[in-house]
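For reference, the chains in residue letters:
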Amino acid sequence: MANTTQSQKRARQAAARYDINKARRSRIRTFLRKVEEAIATGDQAVAAAALRAAQPELARGVTKGVLHKNTVSRKISRLASRVNGLAAPSV
């Protein structure tokens, strides 16, 4: 347990940040799941709309320090290529 006043405050702040970041991560995962489900249906219009809705949430995760910017960039890129791949006929 924290001994000094400062370390007690830092422990409280860390617990609060943990809860906030946990909620943010959960929200981001929900948006990603919606994109995955839309891709699974095979409807490109729905998948594209879900991706457009997810992109600001992912970007917000970067600015809030929940995710690394390269991680988000990679996820968006891979999802976008999968959504765009729905338009092309599979060979």
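Just so we're clear, the structure is a prediction, and the values are computed from it rather than from any experiment.

Scoring rules and cut-offs
Residues numbered from 1 in each chain as written. Predicted model: local features only at pLDDT ≥ 70, side-chain atom pairs only at ≥ 80, totals over all residues. Heavy atoms only, no water. Helix = DSSP H or I, 4+ residues; strand = E, 2+ residues; numbered from the N terminus. Rg over C-alpha atoms; globule rule 2.2 N^0.38 Å. Buried < 20%, exposed > 50% of the residue type's maximum accessible area, 1.4 Å probe, protein only. Contact = heavy atoms within 4.5 Å. Areas by Shrake-Rupley, 256 points an atom, 1.4 Å probe, with all protein chains shown as cover. Lys, Arg positive; Asp, Glu negative; His and termini not counted. Charge placed at Lys NZ, Arg CZ, Asp CG, Glu CD. Axes fitted to C-alpha atoms, helices over the stretch in contact; angles between N-to-C directions. Parallel < 35°, antiparallel > 145°, perpendicular 65-115°, else oblique. Nonpolar A, V, L, I, M, F, W, Y, C, P; charged D, E, K, R; others polar. Salt bridge = Lys/Arg side-chain N within 4 Å of Asp/Glu carboxyl O.

> Would you explain the overall build of the protein in this entry?
Of regular secondary structure, the protein possesses three helices and zero strands. For the protein, the sequential pattern of α-helices and β-strands runs α-α-α. In terms of C-alpha radius of gyration, the protein reaches 18 Å, well past the compact-globule figure of 12 Å for 91 residues. In terms of overall dimensions, the protein has C-alpha extents of about 65 × 20 × 20 Å along its principal axes. The buried share of the protein, taken over its 91 residues, is 22%. Taking the intrachain contacts of the protein between residues at least 6 apart in sequence as the baseline, contacts between residues at least 24 apart amount to 60%. Total accessible area on the protein stands at roughly 6500 Å², and carbon and sulfur atoms take up 53% of it. For the protein, the distance from the average position of its 19 positive side-chain charges to the average position of its 5 negative side-chain charges is 12 Å.

> For this particular structure, what's the right way to read the packing of helix α2 (residues 44-63) against helix α3 (residues 69-85)?
When two helices pack together, their arrangement is given by the angle between their axes and by how far apart the axes lie. It is the contact of α2 with α3, at a shortest axis distance of 10 Å, that shows an interaxial angle of 175°. Looking at the two axes, α2 sits roughly antiparallel to α3. On the side of α2, the interface is formed by Q44, A47, A48, L51, Q55, L58, A59 and V62, while α3 contributes K69, V72, I76, L79, A80, V83 and N84. Tallied by class, the residues present in the contact of α2 with α3 amount to 11 nonpolar, three polar and one charged.

> Explanation requested: the pattern of salt bridges in the structure shown.
Pairing of side chains with opposite charge becomes possible as their charged atoms draw close. A full pass over the atoms with the stated rule returns four salt bridges. Across the salt bridge formed by E36 and R82, the nearest N and O atoms sit 3.0 Å from each other. Of this pair, E36 sits in helix α1 (residues 5-41) while R82 sits in helix α3, and the two are 46 residues apart along the sequence. E36 sits in the partly exposed class, given a relative accessible area of 34%. Classification of R82 as partly exposed rests on a relative accessible area of 38%. Counted as one network, the salt bridges with shared partners bring together R27, E57 and R60.

> Any chance you could explain the environment of S73 here in plain terms?
With respect to the helices and strands, the residue S73 is situated in helix α3. Distance in space between the C-alpha atoms of S73 and Q55 is 9.6 Å, their sequence separation being 18 residues.

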